[in-house]
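This is what each chain is made of:
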Amino acid sequence: MAKGEVIIDYQICMGCGICINACPFSCLDLTRYGTDAYKRLFPELEPDHGCTGCGICSKACPLECMTVIKKDKDGKKDAVSS
Ligand code: SF4
Ligand code: SF4
């Protein structure tokens, strides 16, 4: 079970991909289609991601639109950082 989870505010995200390159575990990918006329792609966690909740992606995001949730050993959310 992944130890972390990432929530992205897509109202702010510009799809730059910096977070994807920042993740040391390759958990994120540009696979979410935007709803605007430009059909841009936005990042999301991959289906079998191994997110550790390290927060590196969040720190790299220039728009501070990522929230990282850490989970305890039972999978419950026990800490949130953004
Ligand atoms: S770094 Fe931030 S703005 Fe850029 S794609 Fe990731 S979440 Fe979106
Ligand atoms: S919190 Fe860490 S492991 Fe999870 S997606 Fe972000 S950089 Fe990757």
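The preceding data block contains the structure.
Everything numeric in this text was worked out from a predicted model, so none of it was measured. (Residues numbered from 1 in each chain as written. Chains lettered and ligands numbered in written order. Predicted model: local features only at pLDDT ≥ 70, side-chain atom pairs only at ≥ 80, totals over all residues.)

### A word on the sheet that holds strand E4 (residues 66-71)
Alright, step 1. Spatially, three strands are ordered E1-E4-E5 in an open sheet, and the strand pairing comes out antiparallel. A single partner strand is all that each edge strand has here, and the edge strands are strand E1 (4-8) and strand E5 (77-81). Averaged over all pairs of adjacent strands, the angle between their axes in this sheet comes to 25 degrees, without regard to strand direction.
Alright, step 2. One ladder, built from four bridges, connects E4 with E5; its direction is antiparallel. When the bridges of E5 are listed, Lys-70 appears paired with Ala-79. (Pairing = 2+ DSSP bridges. Helix = DSSP H or I, 4+ residues; strand = E, 2+ residues; numbered from the N terminus. Axes fitted to C-alpha atoms, helices over the stretch in contact; angles between N-to-C directions.)

### Quick notes on the site of ligand 1
Alright, step 1. The full set close to ligand 1 counts 13 residues, and Cys-13, Cys-16, Ile-18, Cys-19 and Cys-61 are the nearest of them.
Alright, step 2. Here the residues of the shell around ligand 1 are counted per class, giving eleven nonpolar, two polar and no charged. (Near = placed C-beta within 6 Å. Nonpolar A, V, L, I, M, F, W, Y, C, P; charged D, E, K, R; others polar.)

### Observations concerning the pairing of E5
Alright, step 1. Counting buried positions along E5 gives zero out of five residues, so the element sits mostly on the surface.
Alright, step 2. Counting the residues between successive antiparallel strands, the hairpin from E4 to E5 contains five residues, one of them, Gly-75, with a positive phi of roughly 85 degrees. (Buried ≥ 20, exposed ≤ 12 C-beta atoms within 10 Å, placed from the backbone.)

### Quick look at the site of ligand 2
Alright, step 1. Around ligand 2 lies a shell of 15 residues, among which Cys-23, Cys-51, Cys-54, Ile-56 and Cys-57 are the nearest.
Alright, step 2. Of all the secondary-structure elements, those providing two or more residues to the shell around ligand 2 are E1 and helix H2 (56-60).
Alright, step 3. When its residues are assigned to classes, the shell around ligand 2 shows eleven nonpolar, four polar and no charged.

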